[in-house]
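Residue-level structure breakdown
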Amino acid sequence: MKPRFLMCPPDYFGVEYNINPWMTDNLGRVDHAHAKNQWRNLFDTLSKHAKIELLEPQPRLPDMVFTANAGLVKENTFIPSRFQYPERQPEEIHFRHWFSSKGYDLADLADPENLSEPVSFEGEGDALLQHNKNLLWMGYGFRTNPQTRDLITDLFPQCITLQLVDPRFYHLDTCFCLLPGGQVMYYPPAFSQESHQIIEDNFAIEDRLEIDEENALYFTCNAVVIENNLILNHASPALISQLASLGYKAILTPVDEFLKAGGGTKCLVLCL
Ligand code: ARG
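Residues numbered from 1 in each chain as written. Predicted model: local features only at pLDDT ≥ 70, side-chain atom pairs only at ≥ 80, totals over all residues. Heavy atoms only, no water.

Details of the sheet that holds strand S10 (residues 184-186)
The test is simple: For two strands to count as paired, DSSP must find a minimum of two bridges between them. Going along the chain from the N terminus, every DSSP run of H or I of four or more residues is numbered as a helix, and every run of E of two or more is numbered as a strand. In this analysis an axis means a line fitted to C-alpha atoms, helices contributing only their contacting stretch, and an angle means the value between N-to-C directions, from 0 to 180 degrees. Whether two residues touch is decided by their heavy atoms; if any such pair falls within 4.5 Å, the residues are in contact.
Reading across from one edge, S9-S10-S11 is the order of the three strands in this open sheet, with mixed pairing throughout. For this open sheet the edge positions go to strand S9 (176-178) and strand S11 (208-210), each flanked by a neighbour on one side alone. Ignoring which end each strand starts from, the neighbouring axes of this sheet average 15° apart. Bridge count between S10 and S11: three bridges; the pairing is parallel. Across the sheet, Met185 pairs through a bridge with Leu209, a residue of S11. Helix H4 (residues 193-202) rests against S9, S10 and S11 of the sheet, and its axis sits at about 155° to S10.

Rendered as structure tokens:
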């Protein structure tokens, strides 16, 4: 069965505020026509491998294209995100409406009194499922509060949290990519020493593809993975052949207009 993804057309996409280092020098600098073409090309590429559902874009919500941050889906249940920054909080209601209108059960993150910080959770941007182990990997440090983990244990009993330390890689999906053969492709300096150790403890050396800064800065880890295909913004020739030797095919789909806002191909997609 084909995977199903949620995407949101980039009608109102732009860099209009500054909530991550990628946006800082790109305020007002998006080429809208180019962004639309790149998004369309990604849509067409993904459509060959997946069924895509579309969410209606909303004016003045320029980051809504990044549907990976809408929340996290498990079967018929949707855990809606609680955005860290006020700029993105108005997106929440639109994501919620879409999922309720499609018949999903909404599992809200409650605000338990014992949390020392407010709840924040940015969906699949910081929560990636390792299917073969039914294990959720969560990122924290910039957007998602690590205590959120305790709020979703009913749905995801097995969860490991990783601390992000490089502000350029502020969501887990910008620097960590699980592959269906049991490997992980990741950028080690984006993680704290302790989290680095956790990754090493969970993946044998031959299953760890450590990528260099050049690839990382092109959002290579931010790949949409469908079976053995990796749909990504960029990968160096050396990485492409390394992936090929493991049986993976890199399908380069440039989305550099979206990199200006701090997102690659995978940020533009949510798994349903
Ligand atoms: N400008 C958006 C933000 O900073 C980009 C989100 C990228 N999404 C992702 N899943 N990494 O929130």
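So that's the structure; there's more coming.
Remarks on the layout of surface pockets
Just so we agree on the cut-off: Cavity means a closed set of points on a 1 Å grid over the protein atoms alone, one where a 1.4 Å probe fits but cannot get out, pocket means an open set with protein on both sides within 12 Å along at least 5 of 7 lines, and lining means a residue has an atom within 4 Å of a point. Grid points are joined across faces, edges and corners, and a volume is the space filled by probe spheres set on the points. Gly is put with the polar residues, along with every residue not named as nonpolar or charged; the nonpolar set is Ala, Val, Leu, Ile, Met, Phe, Trp, Tyr, Cys and Pro, and the charged set is Asp, Glu, Lys and Arg.
Reported here for the largest pocket is a volume of approximately 1,100 Å³. With four residues, strand S6 (residues 127-130) is the single largest residue contributor to the lining of the largest pocket. Split by residue class, the lining of the largest pocket holds 23 nonpolar, six polar and eight charged.

Notes on empty space enclosed by the protein
The method is simple in principle: a probe with the dimensions of a water molecule rolls over the atoms, and the space it marks as empty is what remains. For the structure on display, the rule yields two cavities of 30 Å³ or more. Space inside the largest cavity adds up to approximately 80 Å³. In terms of lining, the largest cavity is formed by 13 residues, of which the most central are Phe66, Asn69, Arg88, Tyr170 and Ala261. Its residues placed into classes, the lining of the largest cavity shows five nonpolar, five polar and three charged. Along its surface, the second largest cavity is lined by Cys8, Pro9, Tyr12, Phe13, Pro57, Gln58, Leu61, Pro62, Met64 and Val65.

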